[in-house]
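So the chains spell out like this:
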Amino acid sequence: MLALQAAERRYRLLAEHTQSIIYTIDNAGRLTYVSPSWTELLGHPVEEVIGRDFRPFVHPEDVPLCEDFLARTLRERRVLPPLTYRVLHRDGRVCYHRSMLAPVLDDDGQLQAIVGNAIHQRHPWPCGRRRRAARLRAALPSGAAPE
C-alpha cells in the first residue's frame, strides 16, 4: 500500500508542477482533466475547464485542425506527430501550443482515455524562424548573405 501511495504522490507532483499542460480529453472533445498549469498559462481556473468542450479554448480558425487531430488519433489509435495551434488566453491574448495526444488502450484494445500534453510556445516555430531570419538579414550590410 505504501508503494502505491508513493507512486500516486510522484505522479501528482509531476502533473501539478509541470510547465506544460497535461490533460485528458474524451472522444467527444470534452476536457476531463487539466493540470494546474492551465490556469498559470491560460488564465482559466481548472474548475471552469473540466467537463467543457475544447473548442471554445482554441482559436476559431484552428478548431478544424484540432478536430481532425483528435479524429485521426482516435481512428489510428496511436500517437501522431505533434500539432501546433493557437489557443485563447482568458484575457483575450492568442497563445500557441504544440500538443500531442496519446490514446490509452486496455488489453482488449478498447480506448480507456486520451492523454494530452500541450507545450506553451511564444510563437510557432516556423513563424519564429522567419522572424529571426528577417532580423538577421536586416542587421547585415546590404548585399551580404548569411553563411
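Our structure's up above, just so we're on the same page.
Residues numbered from 1 in each chain as written. Predicted model: local features only at pLDDT ≥ 70, side-chain atom pairs only at ≥ 80, totals over all residues. Heavy atoms only, no water.

Colleague: Looking at this structure, I do not really get the overall build of the protein. What am I missing?
Modeller: Per the secondary structure count, the protein includes four helices and five strands. Across the 147 residues that make up the protein, the buried fraction comes to 33%. The contacts of the protein with a sequence gap of at least 6 include a subset with a gap of at least 24, amounting to 41%. About 9600 Å² of surface is accessible on the protein, with carbon and sulfur atoms providing 55% of the total. (Helix = DSSP H or I, 4+ residues; strand = E, 2+ residues; numbered from the N terminus. Buried < 20%, exposed > 50% of the residue type's maximum accessible area, 1.4 Å probe, protein only. Contact = heavy atoms within 4.5 Å. Areas by Shrake-Rupley, 256 points an atom, 1.4 Å probe, with all protein chains shown as cover.)

Colleague: Help me out: how do you make sense of the pairing of strand E3 (residues 83–88) in this one?
Modeller: The side chains of a regular strand alternate between both faces of the sheet. Bridge analysis of E3 against strand E4 (residues 94–105) gives six bridges, and the strand direction is antiparallel. In the sheet register, Leu-83 faces E4, and the bridge partner there is Ser-99. Counting the residues that bridge the hairpin from E3 to E4 gives five residues, and of these Gly-92 lies at a positive phi of roughly 100°. (Pairing = 2+ DSSP bridges.)

Colleague: Looking at this structure, I do not really get the packing of aromatic side chains. What am I missing?
Modeller: Describing an aromatic ring pair means giving the distance of the ring centres and the angle of the ring planes. With the rule as written, the count across this model stands at one aromatic pair. Centroid distance Trp-38 to Phe-57: 5.2 Å. Interplanar angle 90°. Geometry classified as edge-to-face. Of this pair, Trp-38 sits in helix H2 (residues 37–42) while Phe-57 sits in the loop between H2 and helix H3 (63–76), and the two are 19 residues apart along the sequence. Pair check on accessibility: Trp-38 and Phe-57 agree, each one buried. (Phe/Tyr/Trp six-rings, centres within 6.5 Å; stacked < 30°, edge-to-face > 60°.)

Colleague: Hey, could you run me through the pairing of strand E2 (residues 31–34) in this one?
Modeller: Pairing analysis gives three bridges linking strand E1 (residues 21–25) to E2, with the strands arranged antiparallel. Among the inter-strand pairings, Tyr-23 is bridged to a residue of E2, identified as Val-34. Taken together, E1 and the strand that follows it, E2, pair antiparallel across an intervening segment of five residues, in which Gly-29 is found at a positive phi of about 100°.

Colleague: Please explain the nonpolar core as it appears in this structure.
Modeller: Of all hydrophobic cores here, the largest spans 25 residues; its most connected members are Tyr-23, Ile-25, Leu-31, Trp-38 and Tyr-85. Of all elements in the fold, only E1, E2, H2, H3, E3, E4 and strand E5 (111–121) reach the threshold of two or more residues within this core. Top contributing element to this core by residue count: H3, with four residues. In this view, Tyr-85 contacts Tyr-23, Val-58, Asp-62, Cys-66, Cys-95, Tyr-96, His-97, Ser-99 and Ala-118; residues no more than four positions away in its chain are not counted. (Core = buried A, V, L, I, M, F, W, Y, C linked by side-chain atoms within 4.5 Å.)

Colleague: Hey, could you run me through the sheet that holds E1 in this one?
Modeller: Taken in spatial order, the five strands make up an open sheet running E2-E1-E5-E4-E3, and their pairing is antiparallel. Every other strand in the sheet has two partners, leaving E2 and E3 as the edge strands with one partner each. Neighbouring strand axes in the sheet, compared pairwise and without regard to direction, differ in orientation by 35° on average. The pairing of E1 with E5 spans four bridges and is classified as antiparallel. Pairing of Ile-22 across the sheet is with Asn-117, part of E5. Each of E1, E3, E4 and E5 touches H3; the most contacted strand, E4, lies at about 15° to it. (Axes fitted to C-alpha atoms, helices over the stretch in contact; angles between N-to-C directions.)

Colleague: Would you mind going over the side chain of His-97 with me for this structure?
Modeller: Mapped onto the elements, His-97 comes out in strand E4. Setting aside chain neighbours within four positions, we find His-97 in contact with Ile-21, Leu-42, Leu-83, Thr-84, Tyr-85, Val-87, Ala-118, Ile-119, His-120 and Gln-121.

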